[in-house]
Amino acid sequence: MTATADLPVSSALRRSAELEQRLAAAPGRFRALTGDRPTGALHLGHYFGTLHNRVRLQDLGVDVFVLVADYQVLTDRDVAERLTENVEGMLLDYLAVGIDPARTTVFNHSAVPALNQLMLPFLSLVSVAELGRNPTVKDEIAHSRQAAVSGLMYTYPVHQAADILFCKGDLVPVGQDQLPHLEITRTVARRFNERYGDVFPEPDALLSAAPLLLGTDGTKMSKSRNNSIALGASADETARLIRGATTDADRHITYDPGARPEVSSLVLLAALCTGRDPRAVAEEIGGGGAAALKRTVTDAVNTRMAPIRARRAEYAEDMAYVRSVLRTGNERANAIAEATLDEVRDAMGTPR
């Protein structure tokens, strides 16, 4: 990466550090938008990468919105398979990790028409060339599961702009790879305000220091690659998956992500689960080899996940309540989206 390419990331990192200070001082002044596509079971990578941070923001007092992005399942799939099952599983995971529906609004795309209607004026504010240059879109196209790329793939960043701006979100927790998407949102907000008058904030990225956890096969942990440990996995299933995880031939365990990515990812997972430094974990295992490493990881994961699994099982006994969480969140999201759409119509001079 060139120095020029590094500049936006450096700027975002500085801005993110400033935001953390402002959050500590006045969390109630912020509204955060985040979410997931219901394409499969949420896993440990999601927990340590995003879910844990959402609960942190909620507990600080930030007004958090969590989107179940059911329409965006279709960005790289021809059909939305097992959608109801995946949505309900995601709701169980949210509740189990500590998302509190009294303080966090959980909603889904397909239930909030006014949000999706914002895409139309927003699309007029960006060019086809700008969307085509988006590096995140390029990467998603390269890994698309569709026979041909749909128009929804190109409009994905604008749909995300509608997700964020419908509730006037001003804080978006993201990884560095999502910065180009957020820049599209900032561009849409800025151009709308310049053309029609001030309606939208320009949201800031809250960059997470999300740890890079590899899947059990040593590649990127992913719902679609069958290489992850689901939050809903049992203790026995977790042990089986960890026993099958890829390591290397060196018996002495060290933490060296550059040279030993698979071993280091397992060490990091144990460290995250126990709140320890990964180097200390590796040193403790030492010459015990892969078997000792995997036992350590299994014990750590199962201990950390035990209360989450227990809460998940408890919520699963009352799916009527779980579904009501989404209905209540959709009601709030609809009211906000309708009010925002009315503001947009007034600003543009279109009839209601």
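Residues numbered from 1 in each chain as written. Predicted model: local features only at pLDDT ≥ 70, side-chain atom pairs only at ≥ 80, totals over all residues. Heavy atoms only, no water.

### Some thoughts on the overall build of the protein
Then step 1. From N to C terminus, the protein includes 14 helices and 5 strands.
Then step 2. Taking the principal axes of its C-alpha atoms as reference, the protein extends roughly 70 × 55 × 50 Å.
Then step 3. Of all 352 residues assigned to the protein, the portion counted as buried reaches 50%.
Then step 4. Looking at the protein, you have 39 positive and 44 negative side-chain charges, and the mean spots of the two groups are 1 Å apart. (Helix = DSSP H or I, 4+ residues; strand = E, 2+ residues; numbered from the N terminus. Buried < 20%, exposed > 50% of the residue type's maximum accessible area, 1.4 Å probe, protein only. Lys, Arg positive; Asp, Glu negative; His and termini not counted. Charge placed at Lys NZ, Arg CZ, Asp CG, Glu CD.)

### Structural notes on the confidence of the model for the protein
Then step 1. Summarising the model, the protein shows a mean pLDDT of 91, and 96% of its residues fall at 70 or more.
Then step 2. Note on residues 1-5: pLDDT under 50 across the span, and 1 contact to partners over four residues away in sequence or across chains. (pLDDT = per-residue confidence, 0-100. Contact = heavy atoms within 4.5 Å.)

### Quick look at the layout of surface pockets
Then step 1. Volume-wise, the second largest pocket comes out at about 610 Å³.
Then step 2. Lining the second largest pocket are 29 residues, with Thr39, Gly40, Ala41, Arg82 and Lys223 positioned closest to its centre.
Then step 3. In terms of residue count, helix α3 (residues 83-97) provides more of the lining of the second largest pocket than any other element does, 5 residues in total.
Then step 4. Among the residues making up the lining of the second largest pocket, the classes are represented as 10 nonpolar, 10 polar and 9 charged. (1 Å grid on protein atoms, 1.4 Å probe; cavity = no way out; pocket = protein on both sides within 12 Å on 5 of 7 lines; lining within 4 Å. Points joined across faces, edges and corners; volume = space filled by probe spheres on them. Nonpolar A, V, L, I, M, F, W, Y, C, P; charged D, E, K, R; others polar.)

### Here's the deal with unusual backbone geometry
Then step 1. Positioned with a positive phi, Arg82 is a non-glycine residue whose angle comes to about 50 degrees.
Then step 2. Inspection of the secondary structure puts Arg82 in the loop between β2 (63-68) and α3.
Then step 3. The backbone phi angle of Lys168 is positive, close to 55 degrees, even though this residue is not glycine.
Then step 4. Tracing the chain through its elements places Lys168 in the loop between α8 (151-165) and β4 (171-174).

### Details of helix α10 (residues 235-243)
Then step 1. When α10 is considered as a whole, its buried residues turn out to be Thr238, Ala239, Leu241 and Ile242. Along α10, the residues classed as buried sweep out an arc of 165 degrees about the axis, all on the same side. Seen from the buried face of α10, the exposed residues on the opposite side, beyond 90 degrees, are Asp236 and Arg243. (Arc of directions from axis to C-beta.)

### Looking at the side chain of Glu88
Then step 1. Inspection of the secondary structure assignment puts Glu88 in helix α3.
Then step 2. There is a polar contact of 2.7 Å between the side chain of Glu88 and the side chain of Arg323. (Polar contact = N/O pair within 3.5 Å; in protein donor to acceptor, adjacent residues only side chain to side chain.)

### As for helix α11 (residues 261-274)
Then step 1. Look at α11: 20 Å from first C-alpha to last across 14 residues, which is about the 20 Å you get at 1.5 Å a residue.
Then step 2. When α11 is considered as a whole, its buried residues turn out to be Val263, Ser264, Ser265, Leu266, Val267, Leu268, Leu269, Ala270, Ala271 and Cys273.
Then step 3. Among the structural elements, α2 (44-60), α12 (278-285) and α13 (289-316) are those in contact with the buried residues of α11.
Then step 4. Within two residues after α11, Gly275 carries a phi angle of roughly 70 degrees, on the positive side. (Expected span 1.5 Å × (residues − 1).)

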